Amino acid sequence: MGGHLNINHLTFLGQGALWTIGLSVIALIGGGIVGFAIALARISPLKSVRLASAVYVQLIQGTPLLVILFLGYFGLAAIGLKVSSLTAAGASLTLYVAAYLGEIWRGCIQSVPKSQWEAAEGLALSRTQRMMKVILPQAIRIATPPTVGFMVQIIKNTSLASVVGFVELMRSGQIVNNSLFEPFAIYAIIAVVYFAMCYPLSLFSQKLERRMGRGRSNLASA
Amino acid sequence: MQQSTPSPEPIVSLRDVQKSFGPLRVLDGVSFAVERGEVLAMIGRSGSGKSTALRCIDRFEKVDGGEIVVCGHRVDRPDVDLRALRQDVGIVFQSYNLFPHLTIEQNITLAPCAVKGMATSQAKDLARKVLAQVGLEEKLLAYPEQLSGGQQQRAAIARSLAMQPKVMLFDEVTSALDPELTAEVLRVIEQLAADGMTMVMVTHEMGFAKGIADRIVFMHRGKVHETGPASILTSPTTPELTQFVGTGNLKS
Amino acid sequence: MSLQLDFPAVLERWPSLLGGAALTLELAFFATVLGALFGTLAAVGRSSQSSLIAGACKVYVESIRNTPLLVQIFLVYFGLASLGLKLSAFTVAVAALTINVGAYTAEIMRAGFEAIPRGQIEAAEGLALSRLQIYWHIILLPAIEKVYPALTSQFVLLMLASSVCSQISAEELTAVANYIQSDTYRAFEAYIIVAVLYIALSLVMRAGFWGLGLVLFPRRRRLGTPL
């Protein structure tokens, strides 16, 4: 008990930071794949598919991530599915991120002008071809700044995985604190590390947005 | 047309005013004065500096050199009391700039209440009075977007009048309006002139300027190129004004 | 694997569940009101002529937006304690949530301020209104109106994020779920019920903001422009 912050503590925090990045990547990839499906489902020609995906988004966006994490960890265990904290956190974050990315991307796909759809239809492209060859390439450009911006949310949100015992940056800070008992100093260090991960992404997102804004205003004036 | 009575102090006077935007010299030694009750019309091509000169009078632009005195305020000085100046000067813009979230009545009563501390009931009476002046009594409780452009501009004039200014500035107030809506706004300004209001206006309406202005200032390349009574529009002395009036007459 | 759900075992704790929901709403209410005030001031501060004030507001906004709420809550909790302030979990939670949502509000309000046409401000200056009067009478309401959807979404997100306050033992809805699941071993049922309650709370908040919008923007009500 007690003592000073030493190299072992720092190594431990560093490992935690790496897991924060790892979990963020899992959530981004998992949430991206499911989210892409959600985005397509939200604009599906089938009403039942549109409705089901809309309900999914509303349910997830109306529930705190922490509750989703508890459901994934204690909840699944309680009904007999034993999962590791990494699996629970990865799965919960995937479901959560999918709902938000799905909505962001749906907005981007729908912001591609209707005339583009019609032009592609005029060229006798199938619905899949229209989507893949005409709409998505344009939507991806529009979607990049908000997606990079949302990556900041993902990184911050992985801190909640600490609550179900996954040893990422936040949890490793709590563990170090249990031996040092310097909560304010340690959480300040943790905050700085999160800031160092998130701020460059925020700046990058803003820069992309400004560049897009210029591009769009050029379009409007043309 | 009302004859301006000579008074010792002009309401507005500019002397050798200089103003640059970056490397671009927009005002290059501009001088003129406006006496009490006088109507001065500034004309010229776009970019000639006429709007900038007008905006300098109410200090929406700071000058680089020269002297501007408005109702006793030294506008060129950095320590000018802006709020006192703007209580004496009313300004009306090309784009009306009514406050969209306020009714016409609230647009008008806001400044008298907030700036002059007028009682609400008194301000409401005043609003009715100035709206009657511009012929819009029935629009008291409307929101700006429910009005036509011409009505919005008349309401904006009423809003300025409610502050009982000593001089009114009009910055191309009909440029955004269709011809028929232009006429209703010009009628209101004519009535103000007849009532003896001191006015400085930047305008493209040559016929109107000729009919209403006591004096014309023709701006060209940041200078007062030619000035004189409205008759200079029919018999200009400089080739630039001759050419300008030629094209201007085509428009009106 | 046998799946036997027993929702009544959790639902019979309805008084604590309702109490938790009420506390969550209370947290959200105070943090929204204080955060809206605080954030609006920070947004005004960011356009201050004093580079010190503008810089301080920027540092505040960026540092909050780029760190997790959970870390912020612990920092406030242990920070206030190290200053010798013994405050209730509720007070600490409101303080942390206010600081957090204030930064997001500041960013949203700044966008709203920037969307006000320059001519509006010139017209107000021409009528001799002071800088403060211009903000209050001319800029504030139209700016809020322009960003109202973003602003209200942010406040709903705040209510959901307040679940994190369970970690400093504020007895809001998520904390209640934690107690119930450790008592009854009915974790799945407890969190499902609590999730439903959160969804209900977010609907209640959205309805509340819709009503507030009708009061705040009478012009929209008169002209029938949808919010």
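Residues numbered from 1 in each chain as written. Chains lettered and ligands numbered in written order. Predicted model: local features only at pLDDT ≥ 70, side-chain atom pairs only at ≥ 80, totals over all residues. Heavy atoms only, no water.

Caption draft 1: Geometry of the UniProt feature "transmembrane region" (unreviewed entry) in chain C. All names here are of chain C. In this structure's numbering, the residues bearing the UniProt feature "transmembrane region" (unreviewed entry) are residues 20–44 and 190–217. Along residues 20–44, the helical share is 100% and the strand share 0%, with 35 Å between the first and last C-alpha atoms. Along residues 190–217 one finds 96% helix and 0% strand; the C-alpha atoms at either end are 40 Å apart. (UniProt positions renumbered as here; feature names shortened; annotations may be inferred. Helix = DSSP H or I, 4+ residues; strand = E, 2+ residues; numbered from the N terminus.)

Caption draft 2: Examining the interface of chain B and chain C more closely. Across the boundary between the two partners, chain B contributes 26 residues, which contact 20 residues of chain C. Between chain B and chain C lies a buried interface of about 2,100 Å² when both sides are counted; carbon and sulfur atoms form 61% of it. On the chain B side of the interface with chain C, the three residues burying the most area are Phe99, His101 and Tyr143 of chain B, jointly 28% of the side's total. At the junction of chain B and chain C, the tally comes to two salt bridges. (Contact = heavy atoms within 4.5 Å. Buried area = accessible area lost by both parts, 1.4 Å probe. Salt bridge = Lys/Arg side-chain N within 4 Å of Asp/Glu carboxyl O.)

Caption draft 3: Seen up close, the interface of chain C and chain A. Facing the 37 residues of chain C at the interface are 37 residues of chain A. Buried surface at the junction of chain C and chain A, both sides included, amounts to about 3,000 Å², of which 75% is carbon and sulfur. Joining chain C to chain A, the criterion identifies zero salt bridges. Viewed at the interface, chain A and chain C are joined by four residue pairs in polar contact (both at pLDDT 80 or more). When residues of the side of chain C that touches chain A are traced back to their parent elements, those giving at least two are α3 (51–65), α4 (69–82), α7 (131–161), α8 (173–184) and α9 (187–216) of chain C. For the side of chain C that touches chain A, the leading source of residues is α9 of chain C, giving nine residues. Of the residues belonging to the side of chain C that touches chain A, the class tally is 22 nonpolar, 12 polar and three charged. (Polar contact = N/O pair within 3.5 Å; in protein donor to acceptor, adjacent residues only side chain to side chain. Nonpolar A, V, L, I, M, F, W, Y, C, P; charged D, E, K, R; others polar.)

Caption draft 4: Local environment of the nonpolar core. Membership of the largest hydrophobic core comes to 159 residues, with the highest contact counts inside it found for Ile190 of chain A, Phe32, Met42, Val70 and Val200 of chain B together with Met109 and Ile139 of chain C. Looking at this core, the element that brings in the most residues is α7 of chain C, giving 15 residues. Look past the residues within four positions of Ile190 of chain A in its chain and what remains in contact with it is Leu13, Leu169, Met170 and Gly173 of chain A together with Val71 of chain C. Ile108, Val130, Leu177 and Phe244 of chain B belong to the second-largest nonpolar core, a separate cluster that totals 52 residues. (Core = buried A, V, L, I, M, F, W, Y, C linked by side-chain atoms within 4.5 Å. Buried < 20%, exposed > 50% of the residue type's maximum accessible area, 1.4 Å probe, protein only.)

Caption draft 5: Spatial organisation of the sheet that holds strand β4 (residues 65–70) of chain B. Residue and element names in this part refer to chain B. Taking strand neighbours across the sheet as the criterion, the four strands line up as β2-β1-β4-β5 in an open arrangement whose pairing is antiparallel. The two strands at the open ends of the sheet, each matched to only one other strand, are β2 (24–34) and β5 (73–74). Inspection of the sheet shows strand β1 (residues 12–21) paired to β4 by five bridges, in the antiparallel sense. Counted as the bridge partner of Val12 is Val70 from β4. (Pairing = 2+ DSSP bridges.)

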